[in-house]
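For reference, the chains in residue letters:
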Amino acid sequence: MGSKSRNDFHAINGQRVSHVYREVHGGNEAGFPCRRKVMPVFLKGAEVEKPMQRSRHIPVLMEEAMQLLQCRPGGIYLDGTVGSGGHSLEILHRSAPGGRVIGLDLDPAALERARSVLPEDRVWLFHENFSNLDIALQRAGIEKLDGILMDLGVSMDQLTCRNRGFGFSVSAPLDMRYDPSGSITAYSIVNRYSVDELRRIFREYGEEPYAGKIARALERHRGRRPIETTTELAEIVMKAVPPAVRRRTRIHPATRVFQAIRIMVNDELHNLRVAIEKGVKLLPVGGRFCIISFHSLEDRMVKQAFRAYQHGCECPPRLPQCVCGKRPVLSVITKRPVVPGKEEIQRNPASRSARLRAAEKIAAHNETGRE
Ligand SMILES: C[S@@+](CC[C@H](N)C(=O)[O-])C[C@H]1O[C@@H](n2cnc3c(N)ncnc32)[C@H](O)[C@@H]1O
């Protein structure tokens, strides 16, 4: 990152962005060295690939997320997707003195990157699914949190890593697991799932209009030999869609199929639903929940879940009065999702589809009948 783009970054919205963030992620052509500190990372025995020297990932909607999270000195925050540590580092800066972060990630390589930039005395890192955030808190000995941030999806480090198979700009084995110890890979889905299952996955998780055509093309192809690489898969999808679509679309025709397979491999929607449920329960009154999503399925889930907690009562409208006893637990702060401005998209095109939603806990669960 050159000094010009750094300056641009620090001018975003006329807001100051922490010097700590700059110290770690910035760098002129000569490059600042990354701070390297050692702290325990609680791994579940997965292989850790050699970490990259410096992260390629630029955290999205940083200032906006921090303003919504409202970190306070001494607060304890959960970063459910610690990634390369960008958001966590800023949370630590804004919650100083004494603030702490519990950082989770499914990817041991991401945890290693986070470990190399975060100060060891204020961070617990866990190799854990955010759907198990309650377990991570127990292991850290924490009962209540002041705020939760989740920045969903795939990081630039994962997307550009040659052997992870998240993207199709280079040929890579079909993997797409955040957690390399996970049991389902993109290969097993593409080569073993029935045409009907593939069609459903592409339609449900990719909102792909040519789901059937693509599923049948995969079946024909794998009847001859297995589909091994990301570029092979992208090419088959490309050939399966009508020529007019191939020419017309702004995005590569395989983008939706890749998104669908990644969601399926990592059970992303289920994990998100569980994490929201558990997170809302664990937040104290006044605590904030901020979620950055990158596709409409996630964003819809976050919007609907936050709204349901804001609404409280789940009785059918035909009932004359409430019998479920559920009261509002959250107040939604972002009526519409917060999106990156032009400057951010220019500086970091990967941010263009980011959507940030935030809510504040307004009542304890046991007063609401939701327990
Ligand atoms: C967009 S990146 C987060 C980047 C981070 N905010 C930063 O500033 O560097 C998303 C991260 O979430 C992780 N992830 C995805 N699903 C997860 C889950 N269910 N539980 C824990 N981590 C998950 C991915 O491995 C990835 O490292």
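Source: prediction; values computed, not measured.

Cut-offs used in this document
Residues numbered from 1 in each chain as written. Predicted model: local features only at pLDDT ≥ 70, side-chain atom pairs only at ≥ 80, totals over all residues. Buried ≥ 20, exposed ≤ 12 C-beta atoms within 10 Å, placed from the backbone. Helix = DSSP H or I, 4+ residues; strand = E, 2+ residues; numbered from the N terminus. Pairing = 2+ DSSP bridges. Right-handed = clockwise from strand over helix to strand, strands pointing away. Core = buried A, V, L, I, M, F, W, Y, C linked by C-beta atoms within 7 Å. Contact = placed C-beta atoms within 7 Å. Expected span 1.5 Å × (residues − 1). Arc of directions from axis to C-beta. Axes fitted to C-alpha atoms, helices over the stretch in contact; angles between N-to-C directions. Parallel < 35°, antiparallel > 145°, perpendicular 65-115°, else oblique. Left-handed = near helix turned anticlockwise from the far one by under 90°.

S.K.: Could you clarify how one ought to interpret the pairing of strand 3 (residues 100-105) in this entry?
M.R.: Where a strand is regular, its side chains alternate between the two sheet faces. Across the six residues that make up strand 3, a large majority, six, are buried. Pairing between strand 2 (residues 76-79) and strand 3: four bridges, direction parallel. What sits directly across from aspartate 79, in strand 3, is glycine 103. Between strand 2 and its parallel partner strand 3, the chain crosses via helix 4 (residues 86-94), and the hand of that crossover is right-handed. By the bridge criterion, five bridges tie strand 3 to strand 4 (residues 123-127) in an arrangement that is parallel. Bridging across to strand 4, valine 101 finds its partner in valine 123. Traced from strand 3 through helix 5 (residues 108-117) to strand 4, the parallel crossover comes out right-handed.

S.K.: Help me understand the nonpolar core, please; the structure alone is not making it clear to me.
M.R.: What tends to happen in soluble globular proteins is that the nonpolar side chains get buried as a cluster. Among the nonpolar cores identified, the biggest contains 57 residues, and Ala65, Leu69, Tyr77, Leu149, Phe289, Cys290 and Ile292 are the most heavily contacted of them. Excluding residues that lie within four positions of it along the chain, leucine 69 makes contacts with Ile91, Gly147, Leu149, Arg288 and Cys290. By size, the runner-up hydrophobic cluster in this structure holds 30 residues, among which are Ile214, Val237, Ala240 and Met264.

S.K.: Before we go on, may I ask you to explain helix 13 (residues 255-266) in this structure?
M.R.: Since the α-helix advances by 3.6 residues per turn, residues separated by three or four positions end up pointing in the same direction. Given a rise of 1.5 Å per residue, twelve residues ought to cover 16 Å, and the 17 Å separating the end C-alpha atoms of helix 13 matches this to within 8%. The buried count for helix 13 comes to eleven of twelve residues, which makes it a mostly enclosed element. Among all positions of helix 13, only Arg256, Val257, Phe258, Gln259, Ala260, Ile261, Arg262, Ile263, Met264, Val265 and Asn266 are buried. Downstream of helix 13 by one or two residues, aspartate 267 has phi in the positive range, about 50°.

S.K.: What's the story with helix 6 (residues 133-140) in this structure? I'm lost.
M.R.: Inspection of helix 6 places Leu133, Ala136 and Leu137 among the buried residues, and these make up the whole buried set. End-on, the buried residues of helix 6 take up no more than an arc of 100°, which puts them together on one face. At the exit of helix 6 stands glycine 141, carrying a positive phi of roughly 75°.

S.K.: How should the packing of helix 10 (residues 211-224) against helix 11 (residues 230-240) be read in this particular structure?
M.R.: The packing of two helices is summarised by the inter-axis angle and the distance between the axes. Across the interface, helix 10 lies against helix 11 with an axial gap of 9 Å and an inter-helix angle of 125°. As summarised for this structure, helix 10 and helix 11 are arranged oblique, according to the angle between their axes. Crossing of helix 10 over helix 11 shows right-handed handedness. Packed against helix 10, whose contacting residues are Lys213, Ile214, Ala217, Leu218 and His221, the element helix 11 presents Ile236, Val237, Lys239 and Ala240 at the interface.

S.K.: I'm lost on the environment of lysine 361 in this one. Help?
M.R.: With respect to the helices and strands, the residue lysine 361 is situated in strand 8 (residues 355-361). In this structure the C-alpha to C-alpha distance between lysine 361 and valine 329, which are 32 residues apart in sequence, comes to 5.8 Å. Not counting the four nearest positions on each side in its chain, lysine 361 is found in contact with Val280, Leu283, Pro284, Val285, Gly286, Gly287, Val329 and Leu330.

S.K.: Would you mind showing me how to read unusual backbone geometry here?
M.R.: Note: most residues except glycine have negative phi, and most peptide bonds are trans. Put simply, alanine 96 and proline 97 share a cis peptide bond, and its omega is -5°. For proline 97, the location among the structural elements is in the loop between helix 4 and strand 3. Residues other than glycine seldom take positive phi values, yet leucine 61 does so here, at roughly 45°. Here leucine 61 shows up in the loop between strand 1 (41-42) and helix 3 (62-69). For leucine 61, a count of 24 C-beta atoms within 10 Å gives the class buried. The phi dihedral of aspartate 267 falls on the positive side, at around 50°, and the residue is not glycine. The residue aspartate 267 is located in the loop between helix 13 and helix 14 (268-282) in this model.

S.K.: Is there a simple way to think about the pairing of strand 6 (residues 288-293) in this case?
M.R.: Where burial is concerned, most of strand 6 is hidden: six out of the six residues are buried. Where burial is concerned, the two faces of strand 6 agree: the one with Arg288, Cys290 and Ile292 and the one with Phe289, Ile291 and Ser293 are both buried. Bridging between strand 5 (residues 147-151) and strand 6 involves five bridges; their strand directions are parallel. Each residue of the ladder has a partner; that of glycine 147, found in strand 6, is arginine 288. With six bridges joining them, strand 6 and strand 8 adopt antiparallel strand pairing. Bridged to phenylalanine 289 within strand 8 is alanine 359.

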